[in-house]
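Read off the chains here:
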Amino acid sequence: NPTLIRNQFPSLSHPAIFFDNPGGTQIARQSLERITEYLIRHNANHGGAFASSVQSDAVLDEAHAAMADFYNAERPDEIIFGNNMTTLTLHISRSLSRTWDPGDTIVVTRLDHDANATPWVLAAQDRRVNVRWVDFDVEDGTLRLDDFAAALESKPRLVAVGYASNALGTINPVKKLVEMAHAAGALTYIDAVQYAAHGPIDVQELGCDFLVTSSYKFFGPHAGILYGKYSLLDELFAYKVRPAPNELPGRFETGTQNHEGIAGVLGAVEYLQWVGQNFGGEFLEKYAGRFSGRRLALKVAMNAIRAYEFEVSRAVLSTLDGIPGLRIYGLTESRRLEERVPTFAFTLEGWHPRQVAERLAQEGIYVWDGNYYAINVTERLGLEDRGGMVRVGPVHYNTLEEVERLGDALRNI
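No experiment lies behind these values; they were computed from the predicted model shown.

A. Local environment of the sheet that holds strand 3 (residues 105–109). Pairing in this open sheet of seven strands is mixed, and the strands run 2-8-7-6-5-3-4 from one edge to the other. For this open sheet the edge positions go to strand 2 (79–82) and strand 4 (130–134), each flanked by a neighbour on one side alone. Strand-to-strand, the axes of this sheet are offset by a mean angle of 20°, without reference to chain direction. Sheet topology note: the strand 3/strand 4 ladder contains five bridges and is parallel. Opposite Thr109, over in strand 4, you have Val134 as the bridge partner. Lying over the sheet, helix 6 (residues 145–152) contacts strand 3, strand 4 and strand 5 (158–162), oriented at roughly 165° with respect to strand 4.

B. Highlighting the nonpolar core. By size, the foremost hydrophobic cluster in this structure holds 81 residues, and its most contacted members are Phe70 and Leu211. With nine residues, helix 10 (residues 259–278) is the single largest residue contributor to this core. Counting residues in hydrophobic clusters, the runner-up holds 27 residues, among them Ile17, Phe310, Val312 and Ile413.

C. Spotlight on the pattern of salt bridges. A complete count under the given rule lists 22 salt bridges for this structure. Between Asp104 and Arg157 there is a salt bridge, with the nearest N and O atoms lying 2.8 Å from each other. Taken together, the residues Asp104 in the loop between helix 4 (85–97) and strand 3 and Arg157 in the loop between helix 6 and strand 5 connect sequence positions 53 residues apart. With relative accessibility at 29%, the residue Arg157 sits in the partly exposed group. When the shortest N-O distance is used, the salt bridge between Lys229 and Asp209 registers 3.4 Å. Taken together, the positions of Lys229 in the loop between strand 8 (224–228) and helix 9 (230–235) and Asp209 in the loop between helix 8 (203–206) and strand 7 (210–214) put the pair 20 residues apart, joining distant regions of the chain. Of the residues examined, Lys229 reaches a relative accessible area of 27% and is grouped as partly exposed. Salt bridges sharing partners connect three or more residues here, namely Asp140, Glu333, Arg335, Arg336 and Glu339.

D. Quick peek at empty space enclosed by the protein. Counted according to the given criterion, the structure contains two cavities of 30 Å³ or more. Estimates place the volume of the largest cavity at around 60 Å³. Contributing to the lining of the largest cavity are 13 residues, with Asn21, Pro22, Gln194, His198 and Lys217 lying nearest its centre. Class assignment of the residues belonging to the lining of the largest cavity gives a composition of six nonpolar, six polar and one charged.

E. Inspection of the packing of aromatic side chains at higher detail. Here the structure, examined in full by the defined rule, presents 16 aromatic pairs. Measuring from ring centre to ring centre gives 5.4 Å for Phe18 and Tyr366, while their planes differ by 85°; the resulting arrangement is edge-to-face. Here Phe18 is found in strand 1 (residues 17–18), whereas its partner Tyr366 is found in strand 11 (residues 365–366), with 348 residues between them in sequence. With a centroid separation of 6.0 Å and an interplanar angle of 75°, the aromatic rings of Trp274 and Phe279 are classed as edge-to-face. The same class applies to Trp274 and to Phe279, which are both buried. An aromatic cluster is defined as three or more aromatic residues linked by ring pairs; in this entry it consists of Phe9, Phe219, Tyr271, Trp274, Phe279 and Tyr397. For the cation-ring pair, Lys299 lies above Phe291, with the distance from its terminal atom to the ring centre recorded as 5.1 Å. Lying across the ring of Tyr372, Arg391 places its NZ or CZ 4.1 Å from the centre.

F. Local environment of helix 6. Of the positions making up helix 6, those classed as buried are Asp147, Phe148, Ala151 and Leu152. In an axial view of helix 6, the angular spread of the buried residues amounts to 140°, which keeps them on one side of the axis. Along its buried surface, helix 6 packs onto strand 3, strand 4, strand 5 and helix 7 (174–183).

G. Fine view of the sheet that holds strand 12 (residues 368–370). Pairing is antiparallel in the open sheet, where four strands are placed in the order 9-10-13-12. Both edges of this open sheet fall to strand 9 (326–329) and strand 12, since each of them pairs with a single strand only. This sheet shows a mean twist of 30° between the axes of neighbouring strands, independent of strand direction. When strand 10 (residues 344–348) meets strand 13 (residues 389–392), the two strands line up antiparallel, connected through three bridges. Within strand 13, the residue paired with Phe346 across the bridge is Val390. Seen against the sheet, helix 12 (residues 293–321) touches strand 9 and strand 10 and runs at an angle of roughly 10° to strand 10.

H. Looking closely at the packing of helix 2 (residues 29–42) against helix 3 (residues 51–71). Closest axis-to-axis distance for the helix 2/helix 3 pair is 10 Å, and the angle between their directions is 155°. With respect to helix 3, the axis of helix 2 lies roughly antiparallel. Side by side, helix 2 and helix 3 meet where Tyr38, Arg41 and His42 of the first sit next to Ser52, Gln55, Ser56 and Val59 of the second. Here the residues of the contact of helix 2 with helix 3 sort into two nonpolar, four polar and one charged.

I. Representation of the pairing of strand 2 in the model. Burial of strand 2 is two-sided: the residues Ile79 and Phe81 facing one way and the residues Ile80 and Gly82 facing the other way are all buried. As paired strands, strand 2 and strand 8 are joined by four bridges and run antiparallel to one another. Paired with Ile79 across the two strands is Tyr227, which belongs to strand 8.

J. Spotlight on the environment of Ala374. Within the secondary structure, Ala374 is located in the loop between strand 12 and helix 14 (375–380). Distance from Ala374 to Ala115, taken between C-alpha atoms, is 8.5 Å for residues 259 residues apart in sequence.

Conventions adopted
Residues numbered from 1 in each chain as written. Predicted model: local features only at pLDDT ≥ 70, side-chain atom pairs only at ≥ 80, totals over all residues. Heavy atoms only, no water. Pairing = 2+ DSSP bridges. Helix = DSSP H or I, 4+ residues; strand = E, 2+ residues; numbered from the N terminus. Axes fitted to C-alpha atoms, helices over the stretch in contact; angles between N-to-C directions. Contact = heavy atoms within 4.5 Å. Core = buried A, V, L, I, M, F, W, Y, C linked by side-chain atoms within 4.5 Å. Buried < 20%, exposed > 50% of the residue type's maximum accessible area, 1.4 Å probe, protein only. Salt bridge = Lys/Arg side-chain N within 4 Å of Asp/Glu carboxyl O. 1 Å grid on protein atoms, 1.4 Å probe; cavity = no way out; pocket = protein on both sides within 12 Å on 5 of 7 lines; lining within 4 Å. Points joined across faces, edges and corners; volume = space filled by probe spheres on them. Nonpolar A, V, L, I, M, F, W, Y, C, P; charged D, E, K, R; others polar. Phe/Tyr/Trp six-rings, centres within 6.5 Å; stacked < 30°, edge-to-face > 60°. Lys NZ or Arg CZ within 6 Å of the ring centre and 35° of its normal. Arc of directions from axis to C-beta. Parallel < 35°, antiparallel > 145°, perpendicular 65-115°, else oblique.

Structural data, given as structure tokens:
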């Protein structure tokens, strides 16, 4: 029921069509309510003896537990909050790189957002460590597994790879990549920012060592959330001030955190829990034997969202395919929809991507243009000097009617 879903997002009362979701989704009502409640009732710093501080800490603890459920982590102290994925990755790369020796190797990919490449490259430069780049197929936007396997022959210390491309929408075979990396002796760091709004995440099933998202990409506020295996985090050196906690996760949550934002992350998870309690009953049997409570509701929710988005993705592909002079980059076959999220990048012959975005904005349709910080992708495709691409990214609160309106606007252009 799209209306019931859309009623959970106050900003959708605005007449605009929000297809800019890969850069940040609209915020759910439950998340807004958590932020407001926190600031009015529990606004205090950490560790005080008085009521508002005790209540604040309880909210933050519940947020850690909620994200442990969202990721299916073993325990809440495997969850670290920060400003965003980029800041968390820059922070953790500094700690991890202390374990590297000159001449070691790390692996990054050209399909990734730059926040899962440059932090590692900078750390490698500091430690005089080699960097192996894994390429992707420019025809269909999929990671080259032969290139990945070849890179692992160097026995890297770390492999950093994305769950889904924020430019082309490609979903990488993360579980397989983690298994391959571990067999080569590498730790794995997964950027799941683009994937998190579109499908279920299970860090235990993936077996990954680290995984990171940003909640403003899945209906929450601007905040980042890192998962790390407890055994690894517990051994890892933390750059922190002396009075800060030594126990997890506090030793990596430097300074006073964005408490109201963390409360908002809790609200975003509660929104998704609501989705799983009201939709996707056909997925209950699939997960009921393994999960219960909030974890079960979250798995059901993300599967229901994924199923609906297949329908939206087919409509987007059909619509874009009918526009003269338009070229989609990445996977374009309906039979391969399971290999992508509904993030579509394209160029329109004779038009600069910015011009297309401006014309669509005049029609009340919000889309991104440029490289979206996936600069290795636009460089590899030869599009960086030409303004990159136009990016259209529906989520589960978007409708088929909105896709039709996008098609009409593009045909008018």
